[in-house]
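Listed below are the residues making up each chain.
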Amino acid sequence: MTLQELEHQILALLPTEKAAIIQSLTQTINIGAKGISKTSGVCGGEACIAGTRIAVWLLVEARRLGITEAQLLQDYPHISAADLVNAWVYADAYSEEIEAAIRANEVA
């Protein structure tokens, strides 16, 4: 199978299937992923993509509003698909924290 054929097949998948592939690939190579960090005084101490001011809750909220991962990567060119996977994993693991941050920022 050529890379072009593989790309065609991947593009035909459902969004959830594409995300699963990205997650699987990220776990095997994890190149370029910055991880998630919380730094006092940066974004109110919220969980962010390490080395950035991009909060995990912001990415989760954007996804809920229908912004695709491709659009997020275009809007934030200094993060990678691996960073998004890390954000999703963190959000799943700490869902109460992320929900509280979303609620707090809706009021702000």
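Look up: the structure comes first, before these words.
Residues numbered from 1 in each chain as written. Predicted model: local features only at pLDDT ≥ 70, side-chain atom pairs only at ≥ 80, totals over all residues. Heavy atoms only, no water.

J.: Hey, could you run me through the overall build of the protein in this one?
T.: The number of helices and strands found in the protein is 6 helices and 2 strands. The helix and strand sequence of the protein, counted from the amino end, reads α-α-β-β-α-α-α-α. Expressed along its principal axes, the backbone C-alpha trace of the protein runs to roughly 50 × 25 × 25 Å. Pairs at least 24 apart in sequence give 51% of the contacts found in the protein among residues at least 6 apart. Summing over all exposed atoms, the protein offers an accessible surface of approximately 7000 Å²; the carbon and sulfur share of this is 58%. Taken as two groups, the 7 positive and 13 negative side-chain charges of the protein have centres that lie 6 Å from each other. (Helix = DSSP H or I, 4+ residues; strand = E, 2+ residues; numbered from the N terminus. Contact = heavy atoms within 4.5 Å. Areas by Shrake-Rupley, 256 points an atom, 1.4 Å probe, with all protein chains shown as cover. Lys, Arg positive; Asp, Glu negative; His and termini not counted. Charge placed at Lys NZ, Arg CZ, Asp CG, Glu CD.)

J.: Would you take a moment to explain the packing of aromatic side chains for this structure?
T.: Between two aromatic rings, the relevant description is the distance of the centres plus the angle of the planes. With the rule as written, the count across this model stands at 1 aromatic pair. One Lys or Arg, R63, reaches over the ring of W88 and ends 3.7 Å from the middle of that ring. (Phe/Tyr/Trp six-rings, centres within 6.5 Å; stacked < 30°, edge-to-face > 60°. Lys NZ or Arg CZ within 6 Å of the ring centre and 35° of its normal.)

J.: Just to check I follow, could you spell out the environment of E97 for this structure?
T.: Note on placement: E97 falls in helix 6 (residues 95–107). Sequence-wise, E97 and E46 are 51 residues apart; in three dimensions their C-alpha atoms are separated by 9.1 Å. The residues touching E97, leaving out its near neighbours within four places in the chain, are K38, A47 and Y90.

J.: Would you take a moment to explain the side chain of E61 for this structure?
T.: Mapped onto the secondary structure, E61 falls in helix 3 (residues 56–64). The side chain of E61 sits in the buried core without any salt bridge; R64 is the nearest counter-charge, 4.0 Å away. Sequence-distant contacts of E61, that is, excluding residues within four places in its chain, are made with I102 and E106. (Buried < 20%, exposed > 50% of the residue type's maximum accessible area, 1.4 Å probe, protein only. Salt bridge = Lys/Arg side-chain N within 4 Å of Asp/Glu carboxyl O.)

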